[in-house]
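Structural description and commentary
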Amino acid sequence: MEKALKTGEIGKLAAESRFTYGGIEWVVLAHNPQKKAVLVLAADVLKTESGETRYMPFDEENKNDFAASSVRAFLNRDFMEELAAAGADKEAFLPLALDLTSDDGLKDYGIDRVTIGIYTDQIYREFRNIIPPASDWHWTATPFSTARNGYEHLVRYVSSSGALNDYSAYGGSWGVRPLCVLKSDILVSFKEGEARTRATAISVEITKAVVEGLKRGIFGADNEEQEEAAPAEEPQAATDQPDGDGEASALYARFAALKRAGFTEAQALELISGKGK
(Lines give C-alpha, C1' and ligand atoms only; values in the text may rest on other atoms or scores of the structure.)
Protein backbone atom coordinates (compact mmCIF):
# COMPACT_ATOMS: atom_id res chain seq x y z
CA MET A 1 0.00 0.00 0.00
CA GLU A 2 1.43 3.35 -1.04
CA LYS A 3 2.03 5.84 1.75
CA ALA A 4 -0.26 8.88 1.88
CA LEU A 5 1.27 12.16 0.68
CA LYS A 6 1.00 15.12 3.05
CA THR A 7 1.93 18.81 2.97
CA GLY A 8 3.35 20.93 5.77
CA GLU A 9 5.85 23.61 6.77
CA ILE A 10 9.44 22.37 6.69
CA GLY A 11 10.14 24.18 9.96
CA LYS A 12 7.83 21.78 11.77
CA LEU A 13 9.64 18.65 10.59
CA ALA A 14 12.14 16.95 12.89
CA ALA A 15 15.73 16.09 11.97
CA GLU A 16 15.98 13.01 9.73
CA SER A 17 12.56 13.71 8.20
CA ARG A 18 12.38 13.24 4.44
CA PHE A 19 10.42 15.54 2.18
CA THR A 20 10.20 16.57 -1.48
CA TYR A 21 10.81 20.07 -2.79
CA GLY A 22 11.58 21.09 -6.36
CA GLY A 23 11.33 17.49 -7.51
CA ILE A 24 14.17 16.37 -5.20
CA GLU A 25 13.91 14.32 -2.02
CA TRP A 26 15.69 16.00 0.89
CA VAL A 27 16.55 15.16 4.50
CA VAL A 28 16.30 17.66 7.37
CA LEU A 29 19.63 18.03 9.17
CA ALA A 30 19.21 21.01 11.52
CA HIS A 31 17.04 24.02 12.39
CA ASN A 32 18.03 27.61 13.12
CA PRO A 33 14.92 29.23 14.69
CA GLN A 34 16.70 32.58 15.05
CA LYS A 35 17.06 32.86 11.27
CA LYS A 36 13.92 30.84 10.49
CA ALA A 37 16.10 28.50 8.47
CA VAL A 38 16.49 24.77 7.96
CA LEU A 39 19.64 23.00 6.77
CA VAL A 40 18.74 20.21 4.34
CA LEU A 41 20.65 17.63 2.30
CA ALA A 42 19.62 15.71 -0.80
CA ALA A 43 18.59 12.21 0.26
CA ASP A 44 20.89 10.78 -2.43
CA VAL A 45 23.22 11.87 -5.21
CA LEU A 46 21.57 13.50 -8.21
CA LYS A 47 20.17 11.07 -10.76
CA THR A 48 19.18 11.15 -14.42
CA GLU A 49 15.58 10.45 -15.47
CA SER A 50 16.58 6.82 -15.99
CA GLY A 51 17.90 6.58 -12.43
CA GLU A 52 21.63 6.71 -13.22
CA THR A 53 24.05 8.86 -11.23
CA ARG A 54 24.76 12.24 -12.80
CA TYR A 55 28.53 12.03 -12.81
CA MET A 56 30.59 15.19 -13.20
CA PRO A 57 34.04 16.56 -12.36
CA PHE A 58 34.50 18.74 -9.31
CA ASP A 59 36.09 21.29 -11.58
CA GLU A 60 36.66 21.22 -15.32
CA GLU A 61 39.96 23.10 -14.84
CA ASN A 62 41.10 20.54 -12.24
CA LYS A 63 41.23 23.06 -9.37
CA ASN A 64 40.17 22.13 -5.84
CA ASP A 65 38.76 25.49 -4.66
CA PHE A 66 35.01 24.95 -4.42
CA ALA A 67 34.28 28.69 -4.63
CA ALA A 68 35.62 28.76 -8.20
CA SER A 69 34.60 25.24 -9.24
CA SER A 70 32.42 24.10 -12.14
CA VAL A 71 30.31 21.94 -9.81
CA ARG A 72 29.40 25.07 -7.82
CA ALA A 73 28.44 26.84 -11.04
CA PHE A 74 26.26 23.90 -12.06
CA LEU A 75 24.44 23.77 -8.73
CA ASN A 76 23.66 27.49 -8.66
CA ARG A 77 22.70 27.84 -12.31
CA ASP A 78 21.45 24.75 -14.12
CA PHE A 79 20.39 22.84 -11.03
CA MET A 80 18.65 25.85 -9.50
CA GLU A 81 16.71 26.27 -12.73
CA GLU A 82 15.74 22.59 -12.59
CA LEU A 83 14.43 23.07 -9.06
CA ALA A 84 12.45 26.15 -10.10
CA ALA A 85 10.99 24.34 -13.11
CA ALA A 86 9.78 21.62 -10.73
CA GLY A 87 8.00 24.15 -8.52
CA ALA A 88 10.64 25.42 -6.07
CA ASP A 89 10.67 29.12 -5.18
CA LYS A 90 14.13 30.62 -5.70
CA GLU A 91 13.39 33.05 -2.86
CA ALA A 92 13.01 30.10 -0.48
CA PHE A 93 16.77 29.48 -0.51
CA LEU A 94 18.91 31.29 2.06
CA PRO A 95 22.71 31.85 2.01
CA LEU A 96 24.83 28.86 2.99
CA ALA A 97 28.29 29.51 4.47
CA LEU A 98 30.87 26.81 3.68
CA ASP A 99 34.21 26.76 5.48
CA LEU A 100 36.70 25.63 2.83
CA THR A 101 39.49 24.78 5.27
CA SER A 102 41.54 21.98 3.72
CA ASP A 103 41.88 18.50 5.18
CA ASP A 104 45.32 19.44 6.50
CA GLY A 105 44.04 22.62 8.15
CA LEU A 106 44.97 25.36 5.65
CA LYS A 107 42.46 28.22 5.40
CA ASP A 108 43.64 29.63 2.06
CA TYR A 109 40.24 29.31 0.36
CA GLY A 110 38.32 31.04 3.15
CA ILE A 111 34.54 30.88 3.49
CA ASP A 112 32.25 30.61 0.50
CA ARG A 113 28.72 32.02 0.72
CA VAL A 114 26.56 30.18 -1.75
CA THR A 115 22.90 29.38 -2.41
CA ILE A 116 23.36 25.68 -3.12
CA GLY A 117 26.51 23.81 -2.16
CA ILE A 118 27.76 20.40 -1.08
CA TYR A 119 28.86 19.47 2.40
CA THR A 120 32.37 19.92 3.71
CA ASP A 121 34.15 17.19 5.65
CA GLN A 122 33.28 19.08 8.84
CA ILE A 123 29.54 19.20 8.11
CA TYR A 124 29.57 15.58 6.98
CA ARG A 125 31.18 14.43 10.22
CA GLU A 126 28.90 16.60 12.36
CA PHE A 127 25.72 15.07 10.93
CA ARG A 128 27.06 11.63 10.03
CA ASN A 129 24.71 9.83 12.42
CA ILE A 130 21.62 11.12 10.64
CA ILE A 131 22.87 11.34 7.05
CA PRO A 132 21.39 8.44 5.06
CA PRO A 133 23.85 6.42 2.97
CA ALA A 134 24.20 7.52 -0.64
CA SER A 135 24.01 5.10 -3.55
CA ASP A 136 27.24 6.31 -5.12
CA TRP A 137 30.52 8.11 -4.48
CA HIS A 138 30.23 11.92 -4.38
CA TRP A 139 32.26 15.07 -3.87
CA THR A 140 32.66 17.17 -0.74
CA ALA A 141 33.67 20.85 -0.82
CA THR A 142 36.85 20.18 1.18
CA PRO A 143 40.24 20.28 -0.58
CA PHE A 144 42.93 17.76 0.34
CA SER A 145 45.34 20.69 0.71
CA THR A 146 45.84 23.93 -1.23
CA ALA A 147 47.80 25.33 -4.14
CA ARG A 148 50.20 27.05 -1.72
CA ASN A 149 51.18 23.65 -0.38
CA GLY A 150 51.55 22.11 -3.83
CA TYR A 151 48.16 20.35 -3.90
CA GLU A 152 45.72 22.34 -6.03
CA HIS A 153 44.05 19.34 -7.68
CA LEU A 154 42.98 16.87 -4.97
CA VAL A 155 39.48 17.04 -3.46
CA ARG A 156 37.86 15.02 -0.69
CA TYR A 157 34.95 12.72 -1.55
CA VAL A 158 32.61 10.29 0.21
CA SER A 159 32.59 6.68 -0.98
CA SER A 160 29.44 4.56 -1.07
CA SER A 161 30.60 3.00 2.22
CA GLY A 162 30.55 6.43 3.85
CA ALA A 163 34.35 6.68 4.18
CA LEU A 164 36.23 9.84 3.18
CA ASN A 165 39.06 9.88 0.66
CA ASP A 166 40.53 12.20 -1.98
CA TYR A 167 40.80 12.28 -5.77
CA SER A 168 41.66 14.58 -8.66
CA ALA A 169 39.16 17.42 -9.15
CA TYR A 170 38.79 16.59 -12.84
CA GLY A 171 37.71 13.02 -12.14
CA GLY A 172 34.34 12.73 -13.84
CA SER A 173 33.19 9.61 -12.06
CA TRP A 174 31.80 11.11 -8.84
CA GLY A 175 28.25 12.17 -8.04
CA VAL A 176 26.90 15.36 -6.46
CA ARG A 177 24.74 15.60 -3.34
CA PRO A 178 23.32 19.12 -2.92
CA LEU A 179 23.16 20.90 0.44
CA CYS A 180 21.18 24.07 1.08
CA VAL A 181 19.34 26.23 3.62
CA LEU A 182 15.60 26.76 3.18
CA LYS A 183 13.18 29.18 4.81
CA SER A 184 11.38 27.38 7.61
CA ASP A 185 7.89 28.52 6.57
CA ILE A 186 7.83 27.05 3.06
CA LEU A 187 5.43 24.22 2.30
CA VAL A 188 6.88 20.85 1.32
CA SER A 189 5.38 17.45 0.62
CA PHE A 190 6.24 14.26 2.49
CA LYS A 191 5.03 10.70 2.78
CA GLU A 192 3.31 9.51 5.90
CA GLY A 193 5.84 7.74 8.13
CA GLU A 194 8.87 9.47 6.56
CA ALA A 195 8.57 12.73 8.50
CA ARG A 196 8.00 13.55 12.16
CA THR A 197 6.88 16.73 13.87
CA ARG A 198 9.52 18.49 15.94
CA ALA A 199 9.26 18.37 19.74
CA THR A 200 8.95 22.15 19.70
CA ALA A 201 9.13 22.99 23.41
CA ILE A 202 12.30 20.94 23.86
CA SER A 203 14.02 21.54 20.56
CA VAL A 204 13.71 25.31 20.88
CA GLU A 205 15.43 25.25 24.26
CA ILE A 206 18.19 22.97 23.04
CA THR A 207 18.64 25.02 19.90
CA LYS A 208 19.40 28.07 22.03
CA ALA A 209 22.52 26.26 23.19
CA VAL A 210 23.34 24.32 20.01
CA VAL A 211 22.71 26.78 17.20
CA GLU A 212 25.24 29.40 18.34
CA GLY A 213 28.06 27.02 17.50
CA LEU A 214 26.53 25.82 14.24
CA LYS A 215 25.28 29.05 12.74
CA ARG A 216 28.63 30.57 11.74
CA GLY A 217 29.90 27.39 10.12
CA ILE A 218 26.67 26.44 8.32
CA PHE A 219 24.01 29.14 8.19
CA GLY A 220 26.52 32.02 8.10
CA ALA A 221 27.42 34.69 10.63
CA ASP A 222 25.70 38.05 10.79
CA ASN A 223 28.60 39.83 9.11
CA GLU A 224 31.83 39.10 7.29
CA GLU A 225 34.03 40.04 10.28
CA GLN A 226 32.30 37.45 12.47
CA GLU A 227 32.67 34.81 9.77
CA GLU A 228 36.40 35.34 9.49
CA ALA A 229 36.86 35.40 13.24
CA ALA A 230 34.96 32.17 13.91
CA PRO A 231 34.07 30.47 10.63
CA ALA A 232 33.15 27.04 11.92
CA GLU A 233 32.86 26.53 15.65
CA GLU A 234 31.99 23.08 16.87
CA PRO A 235 28.59 22.62 18.57
CA GLN A 236 30.38 21.84 21.83
CA ALA A 237 31.38 25.50 22.00
CA ALA A 238 27.71 26.34 22.47
CA THR A 239 27.95 25.56 26.19
CA ASP A 240 28.91 29.22 26.66
CA GLN A 241 25.18 29.87 27.22
CA PRO A 242 24.65 32.52 24.52
CA ASP A 243 21.41 33.78 26.11
CA GLY A 244 22.15 32.99 29.77
CA ASP A 245 19.30 30.47 29.94
CA GLY A 246 20.20 27.84 32.56
CA GLU A 247 17.41 25.54 31.46
CA ALA A 248 18.76 25.51 27.91
CA SER A 249 22.22 24.57 29.20
CA ALA A 250 20.84 21.73 31.30
CA LEU A 251 18.85 20.39 28.38
CA TYR A 252 21.86 20.67 26.12
CA ALA A 253 23.99 18.73 28.63
CA ARG A 254 21.51 15.84 28.45
CA PHE A 255 21.28 16.17 24.70
CA ALA A 256 25.08 16.13 24.24
CA ALA A 257 25.47 13.11 26.52
CA LEU A 258 22.94 11.15 24.45
CA LYS A 259 24.66 12.17 21.21
CA ARG A 260 28.01 10.97 22.59
CA ALA A 261 26.33 7.68 23.45
CA GLY A 262 25.45 7.22 19.79
CA PHE A 263 21.88 8.46 19.64
CA THR A 264 20.78 10.61 16.70
CA GLU A 265 19.57 14.16 17.24
CA ALA A 266 15.95 13.08 16.79
CA GLN A 267 16.31 10.15 19.20
CA ALA A 268 17.98 12.34 21.84
CA LEU A 269 15.17 14.89 21.60
CA GLU A 270 12.60 12.16 22.14
CA LEU A 271 14.40 10.71 25.16
CA ILE A 272 14.63 14.02 27.02
CA SER A 273 11.27 15.45 25.97
CA GLY A 274 9.48 13.98 28.97
CA LYS A 275 11.88 15.74 31.35
CA GLY A 276 12.16 19.14 29.78
CA LYS A 277 8.57 20.21 29.23
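Above this text sits the structure in question.
A quick note: this is a predicted structure, and the numbers were derived from the prediction, not measured. Note that residues are indexed from 1 along each chain, following the sequence as it is written. Confidence filtering applies because this is a predicted model: local features only for residues at pLDDT of at least 70, side-chain atom pairs given and counted only at 80 or more, and all residues used for totals across whole chains, interfaces and linings. Based on all heavy atoms of the structure, the side-chain values leave hydrogens and waters out of the count.

With that settled, consider the pattern of salt bridges. A pair is scored as a salt bridge if a Lys or Arg side-chain nitrogen falls within 4 Å of a carboxyl oxygen belonging to Asp or Glu. In total, this model carries 10 salt bridges according to the counting rule given. Note that Glu82 and Arg54 form a salt bridge whose closest N and O atoms lie 3.0 Å from each other. One end of the pair, Glu82, is in helix α1 (residues 70-85); the other, Arg54, is in the loop between β4 (37-42) and α1, with 28 residues separating them in the sequence. Here Glu82 falls in the partly exposed class, since its relative accessible area comes to 34%. We call a residue buried when its accessible area falls under 20% of the maximum for its residue type, exposed when it is over 50%, and partly exposed in between, using a 1.4 Å probe and counting protein chains only. Under the relative-accessibility criterion, Arg54 is labelled partly exposed at 21%. Among the ionic pairs, Lys90 bridges to Glu81, the shortest N-O distance being 2.5 Å. Using a relative accessible area of 43% as the deciding quantity, one classes Glu81 as partly exposed. Within the structure, one salt-bridge network assembled from shared partners comprises Asp103, Asp121, Arg156 and Asp166. Only DSSP runs of H or I reaching four residues or more are called helices, and only runs of E reaching two or more are called strands; each is numbered from the N terminus.

Moving on, we come to unusual backbone geometry. If you check the backbone angles, Lys36 has positive phi at about 50 degrees while not being a glycine. Even without glycine at this site, Asn62 takes up a positive phi of about 60 degrees. Among the secondary structure elements, Asn62 is positioned in the loop between β4 and α1. Residue classification places Asn62 among the buried residues on the basis of a relative accessible area of 19%.

Both the distance between ring centres and the angle between the ring planes are used here to describe each pair of aromatic rings. Any Phe, Tyr or Trp ring, taking Trp's six-membered ring, that has another such ring centre within 6.5 Å forms a pair; planes under 30 degrees apart are called stacked, those over 60 apart edge-to-face, and the others tilted. The tally for this structure, following the rule as stated, stands at 11 aromatic pairs. With a centroid separation of 6.0 Å and an interplanar angle of 70 degrees, the aromatic rings of Trp139 and Trp174 are classed as edge-to-face. Remark: Trp174 occurs in the loop between β11 (164-168) and β12 (178-183) and Trp139 occurs in strand β9 (residues 138-143); sequence separation between them is 35 residues. Of the two residues, Trp139 and Trp174, neither departs from the other in class, the shared state being buried. Measuring from ring centre to ring centre gives 5.0 Å for Tyr167 and Trp174, while their planes differ by 70 degrees; the resulting arrangement is edge-to-face. The class of Tyr167 is partly exposed, set by a relative accessible area of 39%. Through successive ring pairs, a cluster of aromatic residues spans Phe58, Phe66, Trp137, Trp139, Tyr157, Tyr167 and Trp174.

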